There are 2 protein chains.
Amino acid sequence: MTGLPPSNRLPARQGLAVRFEQWSAEAFDASRCPVRGVLDRLGDKWSTLIVIALARRPHRFGEIRRAVPDISKRMLTQTLRDLERDGLISRQVFPTKPPSVEYRLTALGESLLEPLNALVAWAEANQARIGAARVAFDAAAAMTEAPLPGLEVGGR
Amino acid sequence: MTGLPPSNRLPARQGLAVRFEQWSAEAFDASRCPVRGVLDRLGDKWSTLIVIALARRPHRFGEIRRAVPDISKRMLTQTLRDLERDGLISRQVFPTKPPSVEYRLTALGESLLEPLNALVAWAEANQARIGAARVAFDAAAAMTEAPLPGLEVGGR
DNA sequence: ACAGATGGTCTCACTATGAGACCACGTCTT
DNA sequence: AAGACGTGGTCTCATAGTGAGACCATCTGT
């Protein structure tokens, strides 16, 4: 990531720029662009996590809950429904005694793994930089709020 | 996208799988994984849109609002602050008479364009499939709710 | 003199979210 | 035999997040 020559970035920038101009020009407003709908779904807090969990193998409802511990049943159900509605995962009920339900990625869902992997790799490679930026930003903000040095002892 | 051989998907799947196992194994719960923080920020409704807008060129506050029409001032301010805090964009105030403010991507922010472009390309390539899946799902759901054919005229 | 544009902040109402109770069913424990 | 537990959910309720729009100080144009 760090070793990439800058020339590798330009196509991405231009790719996005061209897309964006097309959206703006064709639809006249970006809000109606259909990619927005896709990005919004992917953009919610849990979709990507669930897709990543299912990337390993099919999971049952409770397994996903254990894999993503801080999701509530309510949101898990809802997000799974949304992902199923979008054709990214499939839901299969097994007539076992307490009926069990298995969720797995569809072909469409699997095709999402490529770009998602790129994003996760970026996040992993740059989380330290982002963390440092946050610390620096918060420190600067604290200085602006209370610009008297010597009175600041522990920060807040 | 459609023409990709399946073998191209496997590395992505395994890459995510391996990452996920490492998160689960090392931190013992996925909720503390730092990538989560990054993904959450990128996952909010507006961050990606703003980054995409800034991919073209630096924008002023009002320009971004015009580029992303359905964002409120409140959320625009907040999202810009967050992106700035994470070191993805920089904020520069010009001492013009009504002072103007320019936002631009930092090097870190530009490095995000590559994976983001991949994601947007995927969204663009698959939005039709997703739309079709939604229609199919809603139709199936309507059938389940009201399984009597002949009584359903217009649907709902 | 007054509207408009600049980049925000603040309040208020509405919506989305999380915590947890509840359900029907069957198995396991006591 | 009675009660606890696990299955996959749904439902309600309190709280958190969000969008709409008023408001602010300053300068420019008419």
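Structure first, text after, so check above.
First, a word on scope: everything that follows refers to the structure included in this document. Computed from a prediction, not measured in an experiment: that's the story for all the values here. (Residues numbered from 1 in each chain as written. Chains lettered and ligands numbered in written order. Predicted model: local features only at pLDDT ≥ 70, side-chain atom pairs only at ≥ 80, totals over all residues. Heavy atoms only, no water.)

Let us now look at the overall build of chain A. Summing up its helical and strand segments, chain A has six helices and three strands in all. Within chain A, contacts between residues at least 6 apart in sequence are counted, and of these 43% link residues at least 24 apart. Accessible surface computed for chain A: about 8400 Å², of which carbon and sulfur atoms make up 57%. (Helix = DSSP H or I, 4+ residues; strand = E, 2+ residues; numbered from the N terminus. Contact = heavy atoms within 4.5 Å. Areas by Shrake-Rupley, 256 points an atom, 1.4 Å probe, with all protein chains shown as cover.)

Before going further, it helps to spend a moment on the pairing of strand β3 (residues 100-105) of chain A. Residues and elements named next belong to chain A. Here β3 lies mainly inside the structure; five of its six residues are buried. In terms of strand pairing, strand β1 (residues 59-60) meets β3 through two bridges, oriented antiparallel. Across the sheet, residue Arg60 finds its bridge partner in β3, namely Glu102. With six bridges joining them, strand β2 (residues 89-94) and β3 adopt antiparallel strand pairing. Along β3, the bridge assignment pairs Ser90 with Arg104. In sequence, β2 turns back onto β3 through a hairpin of five residues. (Buried < 20%, exposed > 50% of the residue type's maximum accessible area, 1.4 Å probe, protein only. Pairing = 2+ DSSP bridges.)

Around DNA strand C there are 21 residues in total, and Arg74(A), Met75(A), Lys73(B), Arg91(B) and Tyr103(B) lie nearest to it. Here a phosphate oxygen of DNA strand C sits 3.4 Å away from a polar atom, N or O, in the main chain of Gly62(B). Within the side chain of Lys73(B), an N or O atom sits 2.4 Å from a base oxygen of DNA strand C. Taken together, the residues of the surface near DNA strand C sort by class into seven nonpolar, five polar and nine charged. (Near = heavy atom within 4 Å. Polar contact = N/O pair within 3.5 Å; in protein donor to acceptor, adjacent residues only side chain to side chain. Nonpolar A, V, L, I, M, F, W, Y, C, P; charged D, E, K, R; others polar.)

Moving on to the sheet that holds β3(A). Residues and elements named next belong to chain A. In spatial order, the strands read β1-β3-β2; together these three strands make up an open sheet with antiparallel pairing. Strands with a single pairing partner mark the edges of an open sheet, and in this sheet they are β1 and β2. Of the strands in this sheet, β1, β2 and β3 are in contact with helix α3 (residues 47-56), which crosses β3 at around 95°. Strand contacts of helix α5 (residues 73-85): β2 and β3, with the helix running at about 115° to β2, the strand carrying the most contacts. (Axes fitted to C-alpha atoms, helices over the stretch in contact; angles between N-to-C directions.)

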